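Report on the structure
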Amino acid sequence: MSADGSDERDEFVAEYENATAADVIEEAEPAATADGERPGEGEEGAVAGSLAPDIEVTPQAPTPENTLFVALGVCLTILALADTVVGLSLVLVATVVAAVGLGAAVCYGVLVRTTPDT
């Protein structure tokens, strides 16, 4: 309630427009299956794994592009945090880039060697 005694909610309701037929989105009915049951009938809701794809998941070796992208993200994150704590210097940037680059190269080499061929 405002100082003059009027209720602001009444003004909002008076200005509100009702939905028209163009505003309503109708959902299409799912087609019936061969046994006459519609999809979704008899189900209790989302079941764990119900949205899992029907394809087999196989391990793959990392690509150089993905490794570089992850290493760049790690470098930027460490540098952003370091900038807020101690400030950036050329030595700090070089050390972080070298350490993350070496770590990413080692991880990439290990994963490429140990991932089975698919």
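If you're wondering where the values come from, they're calculated on a predicted model, not measured in any experiment. (Residues numbered from 1 in each chain as written. Predicted model: local features only at pLDDT ≥ 70, side-chain atom pairs only at ≥ 80, totals over all residues. Heavy atoms only, no water.)

The helix and strand tally for the protein stands at three helices and zero strands. Seen in sequence order, the protein has helices and strands lined up from the N terminus as α-α-α. Each of the 118 residues in the protein was classed as buried or not, and the buried ones make up 8%. Excluding contacts between residues fewer than 6 apart, the proportion of contacts in the protein whose partners are at least 24 apart in sequence is 54%. (Helix = DSSP H or I, 4+ residues; strand = E, 2+ residues; numbered from the N terminus. Buried < 20%, exposed > 50% of the residue type's maximum accessible area, 1.4 Å probe, protein only. Contact = heavy atoms within 4.5 Å.)

Moving on: the layout of surface pockets. Space left empty within the atom packing is revealed by a probe, the size of a water molecule, rolled over the atoms. The calculated volume of the largest pocket comes to roughly 160 Å³. Breaking the lining of the largest pocket down by element, the ones donating at least two residues are helix H2 (64–85) and helix H3 (90–114). Top contributing element to the lining of the largest pocket by residue count: H3, with six residues. When its residues are assigned to classes, the lining of the largest pocket shows nine nonpolar, three polar and no charged. (1 Å grid on protein atoms, 1.4 Å probe; cavity = no way out; pocket = protein on both sides within 12 Å on 5 of 7 lines; lining within 4 Å. Points joined across faces, edges and corners; volume = space filled by probe spheres on them. Nonpolar A, V, L, I, M, F, W, Y, C, P; charged D, E, K, R; others polar.)

The subject of this paragraph is H3. If you check H3, its first and last C-alpha atoms are 36 Å apart, about what 25 residues at 1.5 Å a residue would give, namely 36 Å. What H3 keeps buried is the set Val96, Val100 and Ala104. (Expected span 1.5 Å × (residues − 1).)

A contiguous nonpolar patch, built from Phe69, Val70, Val74 and Ile78 and spanning about 380 Å² of accessible area, is present on the exposed surface. The class for Val74 is partly exposed, based on a relative accessible area of 35%. (Patch = residues over 30% accessible without salt bridge, like charges linked within 9 Å, V, L, I, M, F, W, Y side chains within 5 Å. Areas by Shrake-Rupley, 256 points an atom, 1.4 Å probe, with all protein chains shown as cover. Salt bridge = Lys/Arg side-chain N within 4 Å of Asp/Glu carboxyl O.)

Another aspect to go through is the confidence of the model for the protein. Confidence in the prediction for the protein averages 77 pLDDT; 56% of positions are at 70 or higher. Of all secondary-structure elements in the protein, the lowest mean pLDDT belongs to helix H1 (residues 8–15), at 56, while H2 reaches the highest, 95. (pLDDT = per-residue confidence, 0-100.)

In this model, H2 (22 residues) spans 32 Å end to end at C-alpha, consistent with the 32 Å of a helix rising 1.5 Å per residue. Taken residue by residue, H2 has Thr67, Ala71, Cys75, Leu79 and Ala82 as its buried positions. Down the axis, H2 shows its buried residues gathered within 95° of arc, on one side only. Away from its buried face, by an angle of more than 90 degrees, H2 presents the exposed residues Glu65, Phe69, Val70, Leu76, Leu81 and Thr84. (Arc of directions from axis to C-beta.)

So, on to the side chain of Thr115. With respect to the helices and strands, the residue Thr115 is situated in the segment after H3. A distance of 2.4 Å separates a polar side-chain atom of Thr115 from the backbone oxygen of Leu111. Ignoring anything within four residues of it in the chain, the contact list for Thr115 reads Pro59, Gln60, Ala61 and Pro62. (Polar contact = N/O pair within 3.5 Å; in protein donor to acceptor, adjacent residues only side chain to side chain.)

Contact pair H2 / H3: the axes reach a minimum separation of 10 Å and the direction vectors enclose 150°. On the basis of the axis angle, H2 is roughly antiparallel to H3. Regarding H2 and H3, the two cross each other, and that crossing is right-handed. Listed contacts from H3 to Pro64, Thr67, Ala71, Val74, Cys75, Ile78, Leu79 and Ala82 of H2 are Leu92, Val93, Val96, Val97, Val100, Ala104 and Tyr108. Of the residues assigned to the contact of H2 with H3, the class counts are 14 nonpolar, one polar and no charged. (Axes fitted to C-alpha atoms, helices over the stretch in contact; angles between N-to-C directions. Parallel < 35°, antiparallel > 145°, perpendicular 65-115°, else oblique. Left-handed = near helix turned anticlockwise from the far one by under 90°.)

Here we come to the environment of Val93. In this structure, Val93 sits in helix H3. In sequence terms Val93 and Ala82 are eleven residues apart; their C-alpha atoms lie 9.3 Å from each other. In contact with Val93, not counting residues within four places along its chain, are Leu79 and Leu88.

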